[in-house]
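Architecture at a glance
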Amino acid sequence: QVQPVESGGGLVQAGGSLRLSCAASGRTFSSYAMGWFRQAPGKEREFVAAISWNGGNTRYADSVKGRFTISRDNAKNTVYLQMNSLKPEDTAVYYCALDRSGMSWPNAIRYLEIWGQGTLVTVSS
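Within the protein chain, the secondary structure is distributed over 0 helices and 11 strands. Radius of gyration (C-alpha) of the protein chain: 14 Å, near the 14 Å computed for a compact globule of 125 residues. Taking the principal axes of its C-alpha atoms as reference, the protein chain extends roughly 40 × 25 × 25 Å. In the protein chain, which comprises 125 residues, the proportion classed as buried is 43%. Across the protein chain, contacts joining residues at least 24 apart in sequence account for 58% of those joining residues at least 6 apart.

Attention now moves to the side chain of Ser52. With respect to the secondary-structure elements, Ser52 resides in the loop between strand S5 (46–51) and strand S6 (58–60). A distance of 3.3 Å separates a polar side-chain atom of Ser52 from the backbone nitrogen of Gly56. Not counting residues within four places of it along the chain, the set of residues in contact with Ser52 comprises Ala33, Asn57, Arg72 and Trp105.

This paragraph deals with the pattern of salt bridges. Per the counting criterion, the structure on display carries 5 salt bridges. For Glu46, the salt bridge goes to Arg38, with nearest N and O atoms at 2.6 Å. Classification of Arg38 as buried rests on a relative accessible area of 5%. Note that Glu113 and Arg100 form a salt bridge whose closest N and O atoms lie 3.8 Å from each other. Placement of Glu113 in strand S10 (residues 112–114) and of Arg100 in the loop between strand S9 (92–99) and S10 is noted, with a sequence separation of 13 residues between them.

In this section: the nonpolar core. Among the nonpolar cores identified, the biggest contains 28 residues, and Trp36, Leu81, Met83 and Tyr94 are the most heavily contacted of them. Those elements that place two or more of their residues in this core are strand S3 (18–23), strand S4 (34–39), S5, strand S7 (68–73), strand S8 (78–83), S9 and strand S11 (119–124). The leading source of residues in this core is S9, at 4 residues. Core analysis: the next-biggest nonpolar cluster, separate from the first, contains 5 residues, Phe37, Ala50, Ile109 and Leu112 among them.

Here the focus is the packing of aromatic side chains. Two measures describe an aromatic ring pair: the distance that separates the ring centres and the angle between the ring planes. Within the structure shown, the criterion is met by 3 aromatic pairs. Aromatic pair Phe29 and Trp115: ring centres 4.6 Å apart, planes at 65 degrees, arrangement edge-to-face. In this pair, Phe29 sits in the loop between S3 and S4 while Trp115 sits in the loop between S10 and S11, placing the two residues 86 residues apart along the sequence. We classify Phe29 as buried; its relative accessible area is 3%. An angle of 75 degrees between the planes, with centres 5.7 Å apart, marks the rings of Phe37 and Phe47 as edge-to-face. Taken together, the residues span a long stretch of sequence, with Phe37 in strand S4 and Phe47 in strand S5 at a distance of 10 residues. Judged by its relative accessible area of 15%, Phe37 is buried. A network of ring pairs unites the aromatic residues Phe29, Tyr32 and Trp115 as a single cluster.

Reading guide: rules and limits
- Numbers given to residues run from 1 along each chain, matching the order in which its sequence is written.
- Thresholds applied to this predicted model are a pLDDT of at least 70 for local features of residues and 80 or more for the giving and counting of side-chain atom pairs; totals over whole chains, interfaces and linings are not thresholded and use all residues.
- With hydrogens and water stripped out, all remaining heavy atoms of the structure feed into the side-chain values.
- Note on conventions: DSSP H or I runs of at least 4 residues are helices, E runs of at least 2 residues are strands, and numbering of each starts at the N terminus.
- This radius of gyration counts C-alpha atoms alone. The globule rule is 2.2 Å times how many residues there are, raised to the power 0.38.
- Three exposure classes are used, based on accessible area relative to the maximum for each residue type with a 1.4 Å probe and protein chains only: buried under 20%, partly exposed in between, and exposed over 50%.
- It only takes one pair of heavy atoms within 4.5 Å for two residues to be counted as in contact.
- Pairing of N or O atoms within 3.5 Å defines a polar contact, subject to two protein rules: one partner must be a possible hydrogen donor and the other a possible acceptor, and residues neighboring in sequence count only if both atoms are side-chain atoms.
- When a carboxyl oxygen of Asp or Glu lies within 4 Å of a side-chain nitrogen of Lys or Arg, that pair is called a salt bridge.
- By convention a nonpolar core is built from buried Ala, Val, Leu, Ile, Met, Phe, Trp, Tyr and Cys residues, the set being connected through side-chain atoms within 4.5 Å.
- Note on aromatic contacts: the rings of Phe and Tyr and the six-membered ring of Trp form a pair at centre separations within 6.5 Å, being stacked when their planes are under 30 degrees apart, edge-to-face when over 60 apart, and tilted otherwise.

In structure tokens, the structure reads:
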């Protein structure tokens, strides 16, 4: 099974920015919706953002709307999450997700499954 490579996590001060990447090789996933989830210590995993197969549609959790931007480059088989104005409550392990069902948008969001191993984002106050 193809596993993506997630990168871009790290330690940043509140108000700072990070860009996460999720890149896959060996197979193209350009036909599928993708997204990001996160799990903070002691909390349940939660949806962060999703993007349709061609990048024409996006959706965000209310908690990140206006601060985070999801995008994709199908030529590079990569999805990104640009995170600005980070807050301590954004601290979490961020996971790349993939919709393998091929459902149309926005139904595809419901079928997103965690795909990557996660990358840790820590925001200090």
